Amino acid sequence: MNLRINSEFGTLRAVLMHRPGKEIDRLTPYNKEFLLFEDVPYLEALQKEHDTFSNLIKETTGATVYQLRELLIRVLYDQQILVQLMRESLKRAGLSHLAGDILERYSTAECATILTAGLKIHELKKKLPSMNAGELMDSAFAIAPCPNLYFQRDPMALTPGGIIFSSMKMEGRQREANLLRTIFENHPEFKDHVNTLYPINGHDTPPSIEGGDVIILSNEAVAIGNSERTDEKAIYHAAKALLGEGTVKRVYEVHLPKKRQFMHLDTVFTVLDENLVLAYPDAMNAVLQTSLYTLKDAQGDRVNIKREVLKESLLTVLEREIPHLEVLSTGNGNQEYAMREQWFDGANVFAVGPRRVISYNRNIHTNRALRNMGVEVLEIPSSELSRGLGGPRCMTMPLSRARV
Ligand SMILES: NC(=[NH2+])NCCC[C@H](N)C(=O)O
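Residues numbered from 1 in each chain as written. Predicted model: local features only at pLDDT ≥ 70, side-chain atom pairs only at ≥ 80, totals over all residues.

Per an unreviewed UniProt entry, the chain goes by arginine deiminase and derives from Algoriphagus sanaruensis. Checking UniProt for the chain, the heading Catalytic activity (unreviewed entry) contains the comment "L-arginine + H2O = L-citrulline + NH4(+)". Its UniProt record, at the heading Pathway (unreviewed entry), says of the chain: "Amino-acid degradation; L-arginine degradation via ADI pathway; carbamoyl phosphate from L-arginine: step 1/2." (UniProt positions renumbered as here; feature names shortened; annotations may be inferred.)

Shown next as structure tokens:
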């Protein structure tokens with residue numbers, strides 16, 4: 001698998017997902033905001049909806065669905081990696097020194113659970129009664145949970161030129177990127193196929209960028225949202241790496257309003273075919289500034305790039321890059337439906353092939369508009385999945401698609 005993707009809609013061959021687990025049960029009315037949820041989901045129902053989603057992908061495309069937990073456990077069989085990850089995860093609580101003790105008392109599979117679902121001090125005390133937790137209360141986390149892990153889109157991004165490993169903005173998600181990077185750099189099936197574009201070597205705290213902000217416009221052009229989650233500096237570095245690699249010729253920086261409902265570029269639009277885009281109409285108008293990065297010159301490792309501020313709307317940029325573009329509006333032309341459905345990720349469908357998408361069943365007006373346009377819409381249940389404010393594209397990390 002060469003771990004490069006050259007479109008958003010080529011027929012899906014392999015995808016990475018995460019079946020939500022115990023990390024969801026860590027959510028309470030008091031921490032849900034910090035952990036970026038709108039509500040406290042019912043885990044069993046959430047898992048059922050997620051299973052429907054992953055089974056639908058398998059049945060309709062025959063694609064391989066990799067599960068994060070299995071990949072993680074495989075990588076954790078390497079003791080060194082396990083110790084390292086455990087230490088890093090315990091760092092924030094100041095408990096890194098306990099990594100060795102934990103490893104002696106938990107199986108590899110249990111460690112995988114701890115690394116994703118977190119670990120509370122009182123849970124740890126059951127295994128290590130004599131431990132000194134300092135000032136930490138029993139109910140505090142020794143390791144914070146990762147309830148957003150089922151949004152596999154965000155901890156990294158595959159592009160035509162290689163992989164961007166995210167540096168995640170919000171504290172409640174920061175551990176996710178490290179887990180993903182460790183898996184891809186060490187798993188026997190993937191490690192030899194990783195071309196890392198970001199972060200740049202030597203950056204201890206890289207500027208933030210998240211996978212949901214990276215959208216492939218064509219084999220030669222990538223758009224990156226300058227958003228609540230992705231900083232200008234990160235876009236500059238990612239653009240430089242992409243342009244230096246050579247496959248991509250143009251990188252667009254798209255300035256989004258910094259609002260929760262527009263947290264990533266893929267909350268605003270998705271590409272469904274060579275010339276078809278699904279978009280939230282209000283946001284298309286709200287984006288008034290874009291910038292374009294191109295290569296100035298490159299000699300060996302020395303790459304110079306150029307940035308032009310375009311003062312063009314997102315629509316103009318899309319039209320420039322995508323010949324004969326048709327834009328389909330969420331909400332089927334009705335502004336209020338568009339607003340309601342955008343909140344539940346109406347624009348965030350997952351294309352499993354050209355003009356073939358998976359969409360939340362609750363977005364009835366958007367789905368109708370898609371069907372009217374001849375798009376095949378496969379619906380999935382969405383009562384619980386949507387409580388994390390992410391849609392089908394957010395929940396999937398395509399690893400291989402047919403080239404277009
Ligand atoms: N690519 C996306 N739009 N992802 C949505 C992620 C939702 C998640 N609760 C967050 O706030 O981070």
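There is more to say after this.
Asks: Help me understand the nonpolar core in this model?
Replies: Inside soluble globular proteins, nonpolar side chains tend to come together where they are buried. The biggest cluster of nonpolar side chains holds 106 residues, and the ones touching the most others in it are Ile 164 and Ala 238. If one sorts the elements of this core by residue count, helix H8 (residues 232-245) sits on top with seven residues. Shared between two domains, this core holds at least three residues of each, these being domain 1 (12-67 + 147-401) and domain 2 (71-143). Dropping the residues within four chain positions of it, Ile 164 is found in contact with Met 156, Ala 157, Thr 159, Leu 197, Tyr 198, Ile 209, Val 214 and Ala 238. Counting five residues, the second-largest nonpolar core is a separate cluster that includes Ile 24, Leu 27, Leu 35 and Leu 385. (Core = buried A, V, L, I, M, F, W, Y, C linked by C-beta atoms within 7 Å. Buried ≥ 20, exposed ≤ 12 C-beta atoms within 10 Å, placed from the backbone. Helix = DSSP H or I, 4+ residues; strand = E, 2+ residues; numbered from the N terminus. Domains from an automatic or database assignment. Contact = placed C-beta atoms within 7 Å.)

Asks: Help me understand the pairing of strand S16 (residues 350-353), please; the structure alone is not making it clear to me.
Replies: Side-chain direction in a regular strand flips from residue to residue, so the side chains alternate between the two faces of the sheet. Where S16 lies against strand S17 (residues 356-360), three bridges are found, and the strand directions are antiparallel. Within the sheet, the bridge partner assigned to Ala 351 lies in S17 and is Val 357. (Pairing = 2+ DSSP bridges.)

Asks: For this particular structure, what's the right way to read unusual backbone geometry?
Replies: A cis amide bond, omega 0 degrees, links Tyr 198 with the succeeding residue Pro 199. For Pro 199, the position within the fold is in the loop between strand S7 (196-198) and strand S8 (214-218). The backbone of Asn 332 shows a phi angle near 55 degrees, a positive value even though the residue is not glycine. Structurally, Asn 332 is set in the loop between strand S15 (326-329) and helix H11 (335-343). Overall, Asn 332 belongs to the buried group, with 20 C-beta atoms counted inside 10 Å.

Asks: Just to check I follow, could you spell out the domain arrangement of the chain for this structure?
Replies: In many reports, interface size means the accessible area that the parts give up when they come together. Entries for the chain in the domain assignment read domain 1 (12-67 + 147-401) and domain 2 (71-143). Relative to domain 2, the C-alpha centre of domain 1 lies at a distance of 31 Å. On the domain 2 side, the residues contacting the 13 residues of domain 1 number 14 residues. Of the residues assigned to the side of domain 1 that touches domain 2, the class counts are four nonpolar, five polar and four charged. (Nonpolar A, V, L, I, M, F, W, Y, C, P; charged D, E, K, R; others polar.)

Asks: What is the right way to read the UniProt feature "active site" (unreviewed entry) in the chain from this model?
Replies: When the UniProt feature table is mapped to this numbering, "active site" (unreviewed entry) covers Cys 394. By secondary structure assignment, the location of Cys 394 is in the loop between strand S18 (376-380) and strand S19 (397-401). On the basis of neighbour counts, which here come to 25 C-beta atoms within 10 Å, the residue Cys 394 falls in the buried class. Not counting the four nearest positions on each side in its chain, Cys 394 is found in contact with Phe 151, Arg 153, Asp 154, Gly 212, Asp 266, Asp 345 and Asn 348.

Asks: Help me understand the sheet that holds S18, please; the structure alone is not making it clear to me.
Replies: Two orientations exist for strands paired in a sheet by backbone hydrogen bonds: parallel and antiparallel. Judged by pairing direction, the sheet is mixed, and its three strands sit side by side in the order S16-S17-S18 without closing on themselves. In this open sheet, the two edge strands, each paired with only one partner strand, are S16 and S18. Between one strand and the next, the sheet's axes are offset by a mean angle of 30 degrees, whatever the strand orientation. Strand contacts of helix H1 (residues 43-61): S16, S17 and S18, with the helix running at about 150 degrees to S18, the strand carrying the most contacts. In the packing of helix H12 (residues 364-372) onto the sheet, the strands contacted are S17 and S18, and the crossing angle to S18 comes to about 155 degrees. (Axes fitted to C-alpha atoms, helices over the stretch in contact; angles between N-to-C directions.)

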